Amino acid sequence: MLKKVNHIGIAVKSIEEAKRFYEAIGLVVEGEEVVEEQKVRVAFIQVGETRIELLEATSEDSPVAKFIGKRGEGIHHIAFQVDDVEKALEVLKNKGVRLIDEKPRRGAHNTRIAFIHPKSTNGVLVELCQEG
Ligand code: CMX
């Protein structure tokens, strides 16, 4: 069901500022996009088969601003790639896994995503991510 780690989301105060580290080690920061309904700006860094996703809040009531306020900058979520996010949600639900999203929502770069409740994942926010 899970193909690979599609990306690791990192909550940052400023993408502009965070870029400097990744560029200093020779990586390319690209694909900036605002996901309006989730109040985040994202940028991607391809690293081999996976990516780092930098997440910056677009408003004070953004979940990313709340996360940074509570825990500081750092790893926000891990996203596993699946072929069919709806099917994956159904399988997990039937196995008693607590979901945040019962239905997929739109993610960055034309993906369909859904979050699993951290209560079912040892405190880590897990995203399921279907490309295309
Ligand atoms: N890490 C660990 N726990 C987290 C968490 C995180 N990053 N974010 C939320 N939680 C916990 C909360 O503390 C809460 O726990 P309790 O139920 O014990 O209080 C629980 O998860 C539910 O969180 P919530 O904020 O009450 O629930 P919401 O439904 O309002 O929001 C979520 C959940 C995950 C969608 C939201 O917090 C969030 O992070 N939204 C931004 C999503 C994002 O990163 N989008 C980027 C684009 C997507 C992409 O393409 O990758």
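These remarks concern the structure in this document. (Residues numbered from 1 in each chain as written. Predicted model: local features only at pLDDT ≥ 70, side-chain atom pairs only at ≥ 80, totals over all residues. Heavy atoms only, no water.)

### Points about the site of the ligand
Thought 1: Around the ligand, 23 residues are found, and the nearest of them are Gln38, Glu53, Ala108, Lys119 and Glu127.
Thought 2: Contact distances for the ligand include 3.3 Å between a nitrogen atom and a side-chain N or O atom of arginine 71.
Thought 3: Histidine 76 places a main-chain nitrogen or oxygen 2.9 Å from a nitrogen atom of the ligand.
Thought 4: Surface burial for the ligand is 72%, taken as the share of its 960 Å² of free accessible area covered by protein chains. (Near = heavy atom within 4 Å. Polar contact = N/O pair within 3.5 Å; in protein donor to acceptor, adjacent residues only side chain to side chain. Areas by Shrake-Rupley, 256 points an atom, 1.4 Å probe, with all protein chains shown as cover.)

### Points about the pairing of strand β4 (residues 50-57)
Side-chain positions along a regular strand alternate between the two faces of the sheet.
Thought 1: Of all 8 residues in β4, 6 are buried, a share of seventy percent or more.
Thought 2: Bridge count between strand β1 (residues 2-11) and β4: 5 bridges; the pairing is parallel. When the sheet's bridge partners are listed, glycine 9 is paired in β4 with glutamate 53.
Thought 3: Of the strand pairs in this sheet, strand β3 (residues 40-47) and β4 are connected by 8 bridges, and their pairing is antiparallel. Paired with glutamine 46 across the strands is arginine 51, a residue of β4.
Thought 4: In textbook terms, the turn of a hairpin is the stretch between consecutive antiparallel strands, and for β3 and β4 this stretch comprises 2 residues, one of which, glycine 48, has a positive phi near 60°. (Buried < 20%, exposed > 50% of the residue type's maximum accessible area, 1.4 Å probe, protein only. Helix = DSSP H or I, 4+ residues; strand = E, 2+ residues; numbered from the N terminus. Pairing = 2+ DSSP bridges.)

### Some thoughts on the environment of leucine 89
Thought 1: Within the element layout of this structure, leucine 89 appears in helix α3 (residues 85-94).
Thought 2: Ignoring any residue separated from it by four or fewer positions in sequence, one finds leucine 89 in contact with Leu99, Asp101, Glu102, Lys103, Pro104, Ala114, Ile116 and Leu128. (Contact = heavy atoms within 4.5 Å.)

### Details of the side chain of histidine 7
Thought 1: Residue placement: histidine 7 occurs in strand β1.
Thought 2: On the basis of relative accessibility, which here comes to 2%, the residue histidine 7 falls in the buried class.
Thought 3: The residues touching histidine 7, leaving out its near neighbours within four places in the chain, are Phe44, Thr50, Arg51, Glu53, His77, Ile78, Ala79, Glu127 and Cys129.

### Some remarks on the pattern of salt bridges
Thought 1: Tallying each qualifying case throughout the model produces 11 salt bridges.
Thought 2: Taking the shortest distance from any N to any O, the salt bridge between aspartate 83 and lysine 3 comes out at 3.3 Å. With aspartate 83 in the loop between β5 (74-82) and α3 and lysine 3 in strand β1, this residue pair connects regions lying 80 residues apart in the sequence.
Thought 3: Looking at aspartate 83, the relative accessible area reads 55%, which means it is exposed.
Thought 4: For arginine 41, the salt bridge identified is with glutamate 56, shortest N-O distance 3.0 Å. Placement of arginine 41 in strand β3 and of glutamate 56 in strand β4 is noted, with a sequence separation of 15 residues between them.
Thought 5: Here arginine 41 falls in the partly exposed class, since its relative accessible area comes to 28%.
Thought 6: Its relative accessible area of 14% is what places glutamate 56 among the buried residues.
Thought 7: Counted as one network, the salt bridges with shared partners bring together Glu16, Lys19 and Glu32. (Salt bridge = Lys/Arg side-chain N within 4 Å of Asp/Glu carboxyl O.)

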